[in-house]
Amino acid sequence: MSNTTSSSNFLRNIIEEDLAAGTHTRAGLPSVITRFPPEPNGYLHIGHAKSICLNFGLARDYVGRCHLRFDDTNPEQEEQEYVDTIIDSVQWLGFSWQHQEQTHLYYASNYFEQLYAMAEYLIQAGHAYVDSQNAKDMAANRGSFSEAGKNSPYRERSAEESLALFRRMKAGEFADGEHVLRAKIDMASPNMNMRDPAIYRIRHAHHHRTGDTWCIYPMYDYTHPLSDALENITHSICTLEFQDHRPFYDWIIARCAEGGYFQQPVPQQYEFARLNLTYVVTSKRKLRQLVEQGIVNGWDDPRMPTIVGLRRRGYTPESIQLFCERIGVTRSDGWIDMSTLEGCLREDLDPKAPRATAVLRPLQLIIDNLADGVAIECSAPVHPHHPEHGMRTFPLSNTLWIEQEDFMEVPSKGYFRLFPGNKVRLRHGFVVECTGCDKDEQGNVIAVHCNYFPDSQSGTPGSANYKVKGNIHWVSAAHALSAEVRLYDRLFTDPNPDAGGKDFITLLNPNALEVVQAYLEPGMRDALPDARYQFERHGYFVADRVDSVAEKPVFNRITTLKDSWAK
């Protein structure tokens, strides 16, 4: 039964119609089996998160299962590092490929023997042939969208000759590119994907799982549908760019089903619009360029749209799931503004992030009528809307850190914070009156002076006797935790840096990272890596999972309290 909290979409409608009709009813198998099939040649990004949430979410909601399958058929681009990070990312997002105590983690390389056997069958059945054209001639003879392709001079090779050549290809007798195995369909088809697509090529390359066992590797468009069929996938869900590949998907499964390799019902492919998110690039080539040119500090840089980058930035799995649910599933492409993702993040963090005080650009405030060595305990709620979370305490001494912007020697109109003669409340503390400031030789303010009113402490009856308009944050200089705070922002200034042939490198945001030495309330010494907080007034922050240690804490800004990019 569908999860009633999930919004309806065309894929849910298809699944519900199939369930009602018993389309995929098979003994011992769920009626809904989906899969997420990444190639292990890079790090997953926010676009993949939509596919992960969709495939695993549909399987969960319809009491089915979802497979994680690695399409590892391109050994020159794939590494175990990518396998490991993909597994970790999917699990971090909150999904599992366990179903009824069985693990459904697969690799296309698991099927190399079966895929090879099916290729031999296709040759023998007259559905495939070995082509010996060079790559240039093959591309020229493929034609164009307005011109039909031309048959290869090797298209009518006998099945016996093609089979013998294919076996010699497997045995390693030929160099890369000397021959390919092609499906025999229709070189005049208006769909370029049906013009005798290559299904096997020679690659003398070491595979991260199978080693040097193979020197021929199946193509993606051949491997993917047959892997789906071997795994009894019911609904093969992919993005719109694969819509034109669906005829071959259906053709290759049908031919192999004729050979007795599969039983009905076979998988059906459905396409949805990929995620196009503003202010990011998701091209693997461009993301790799950012890393290799040192523009960012690795794949997990918090400015990156990779899952590992979002995780280090402080995003929560729940916020990404909420985002993927909120943007929905459609058949038409469109752009989703980054503010939607950030809004989901704030919505998730606000009710559960503990509060803390942080001064990011410190200026000294000296309380002249409070003696040295005196520390007055102040308190504030851990979360203003959840009293059950308790209170946090912190001392007030005669030397504090405040924000530089909280003092003006000559105030502008409407300025209610510290200036000579004005009173403000130190948040959760006392009312103070500014008496003046100290300056250095260049005329810069280096310290502000004030007096406090001992009967004005917040939470005491006397506090009601003071009416002030200004309320400022502070931390005790003697007790504060010094920390590096990294103020992250969007990586690009252009909402569409990946569109229209733009040079995305020229669109980088020079303010995407600012590092400041800040002071935090003393209780933050206990913050563990990945712990998230709302720094009151400044936004949401996370203790960096890589660099933050007890002696040298590092906090990353996850997002501001409000959308600072709103028009």
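Let us look at the structure shown here. (Residues numbered from 1 in each chain as written. Predicted model: local features only at pLDDT ≥ 70, side-chain atom pairs only at ≥ 80, totals over all residues. Heavy atoms only, no water.)

Some words on helix α8 (residues 246-258)
Okay, so step 1: For α8, with 13 residues, the first-to-last C-alpha span of 18 Å sits near the 18 Å given by 1.5 Å per residue.
Okay, so step 2: Residues of α8 that are buried sit in contact with α4 (112-124), β7 (180-183), β8 (198-202), α7 (220-230), β10 (235-239) and β11 (268-272).
Okay, so step 3: Just past α8, the residue G260 takes up positive phi, approximately 90 degrees. (Helix = DSSP H or I, 4+ residues; strand = E, 2+ residues; numbered from the N terminus. Expected span 1.5 Å × (residues − 1). Contact = heavy atoms within 4.5 Å.)

Focus: the packing of α4 against helix α6 (residues 159-170)
Okay, so step 1: Following both chains from N to C, one finds α4 and α6 inclined at 160 degrees, their axes separated by 8 Å at the closest point. By the criterion of interaxial angle, the relationship of α4 to α6 is roughly antiparallel. Handedness of the α4/α6 crossing: right-handed. Contact with α4, carried on its side by Y116, A119, E120, I123 and Q124, involves A159, S162, L163, F166, R167 and K170 of α6 and no other residues of that element.
Okay, so step 2: Split by residue class, the contact of α4 with α6 holds 6 nonpolar, 2 polar and 3 charged. (Axes fitted to C-alpha atoms, helices over the stretch in contact; angles between N-to-C directions. Parallel < 35°, antiparallel > 145°, perpendicular 65-115°, else oblique. Left-handed = near helix turned anticlockwise from the far one by under 90°. Nonpolar A, V, L, I, M, F, W, Y, C, P; charged D, E, K, R; others polar.)

Describing the pattern of salt bridges
Okay, so step 1: Tallied over the full model, the rule gives 41 salt bridges.
Okay, so step 2: Salt-bridge contacts for R155 lead to E156; the nearest nitrogen and oxygen are separated by 4.0 Å.
Okay, so step 3: Residue R155 is classed as buried on the basis of its relative accessible area of 9%.
Okay, so step 4: Its relative accessible area of 59% is what places E156 among the exposed residues. (Salt bridge = Lys/Arg side-chain N within 4 Å of Asp/Glu carboxyl O. Buried < 20%, exposed > 50% of the residue type's maximum accessible area, 1.4 Å probe, protein only.)

Brief notes about the sheet that holds strand β6 (residues 128-131)
Okay, so step 1: Read across the sheet, 4 strands follow the order β6-β7-β8-β9 without closing on themselves; strand pairing throughout is antiparallel. Each end of this open sheet is capped by a strand with a single partner; those strands are β6 and β9 (216-218). On average, adjacent strands in this sheet sit at an angle of 20 degrees to one another, irrespective of strand direction.
Okay, so step 2: For β6 and β7, the ladder comprises 4 bridges, and the chain directions are antiparallel. Residue pairing in the sheet places A128 in a bridge with A183 of β7.
Okay, so step 3: Lying on the sheet, α4 is in contact with β6, β7, β8 and β9; it crosses β8 at an angle near 115 degrees. (Pairing = 2+ DSSP bridges.)

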